[in-house]
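# Understanding the architecture of this molecule
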Amino acid sequence: MPILNSKASHEDASSADDSLALLIPFTALLPALTAMFADRFSTVGWVVMVTVELVLIATTSALAARAAARATAARTAAARAGRDAAVLDRLEPLAGERR
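Description of the structure in this document.

Conventions adopted
Residues numbered from 1 in each chain as written. Predicted model: local features only at pLDDT ≥ 70, side-chain atom pairs only at ≥ 80, totals over all residues. Heavy atoms only, no water. Helix = DSSP H or I, 4+ residues; strand = E, 2+ residues; numbered from the N terminus. Buried < 20%, exposed > 50% of the residue type's maximum accessible area, 1.4 Å probe, protein only. Contact = heavy atoms within 4.5 Å. Areas by Shrake-Rupley, 256 points an atom, 1.4 Å probe, with all protein chains shown as cover. Core = buried A, V, L, I, M, F, W, Y, C linked by side-chain atoms within 4.5 Å. Lys, Arg positive; Asp, Glu negative; His and termini not counted. Salt bridge = Lys/Arg side-chain N within 4 Å of Asp/Glu carboxyl O. Polar contact = N/O pair within 3.5 Å; in protein donor to acceptor, adjacent residues only side chain to side chain.

### A closer look at the overall build of the protein chain
- Along the protein chain, the regular secondary structure elements total two helices and zero strands.
- Counting the 99 residues in the protein chain, one finds 13% classified as buried.
- Within the protein chain, residue pairs in contact and separated by at least 24 positions form 71% of the contacts whose partners lie at least 6 positions apart.
- As displayed, the protein chain offers around 7,600 Å² of accessible surface, 67% of which is attributable to carbon and sulfur atoms.

### Considerations on the nonpolar core
- Ranked by size, the top nonpolar core spans six residues in total: Leu 20, Leu 23, Leu 30, Met 49, Leu 56 and Leu 63.
- Of all the secondary-structure elements, those providing two or more residues to this core are helix H1 (10–36) and helix H2 (43–98).
- The contacts of Leu 23, once residues within four sequence positions are left out, are Leu 56, Thr 59, Thr 60 and Leu 63.

### Some words on the side chain of Glu 53
- If you trace the backbone, Glu 53 turns up in helix H2.
- Although Glu 53 is buried, it makes no salt bridge; Arg 40 carries the closest opposite charge, 15 Å away.
- For Glu 53, the residues in contact, after removing those within four places along its chain, are Leu 30, Pro 31 and Thr 34.

### Overview of the side chain of Thr 60
- Looking at the secondary structure, you find Thr 60 in helix H2.
- Looking at Thr 60, its side chain comes within polar contact range of the main-chain oxygen of Leu 56, at 2.8 Å.
- Those residues within four positions of Thr 60 in sequence are excluded, and the remaining contacts are Leu 20, Leu 23, Ile 24 and Thr 27.

### Quick notes on the environment of Phe 26
- Looking at the secondary structure, you find Phe 26 in helix H1.
- Overall, the relative accessible area of 52% leaves Phe 26 in the exposed class.
- Spatially, the C-alpha atoms of Phe 26 and Glu 53 are 8.8 Å apart, while their sequence positions differ by 27 residues.
- Excluding residues that lie within four positions of it along the chain, Phe 26 makes contacts with Pro 31 and Leu 56.

In structure tokens form, the structure reads like this:
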């Protein structure tokens, strides 16, 4: 039934998940590199590295929240589609009697 089809496609959700998976190693690796080479960086270099770390952490958490929201919306849409199908199945005999 076209009325029960979800508008969200699998391709839309996978792009955010792929981006999240690619950022996780960088988010984990950059603080370690900063700690290892902190004595070699100047103050400006150290501040830049910490700023980049914070931006990566914020981006990763935003992508994770977006993926979680999409997953929740997909579950809600699936539940709504199931309820709609049940209501339409219950109403179907009534439509046949009126005709």
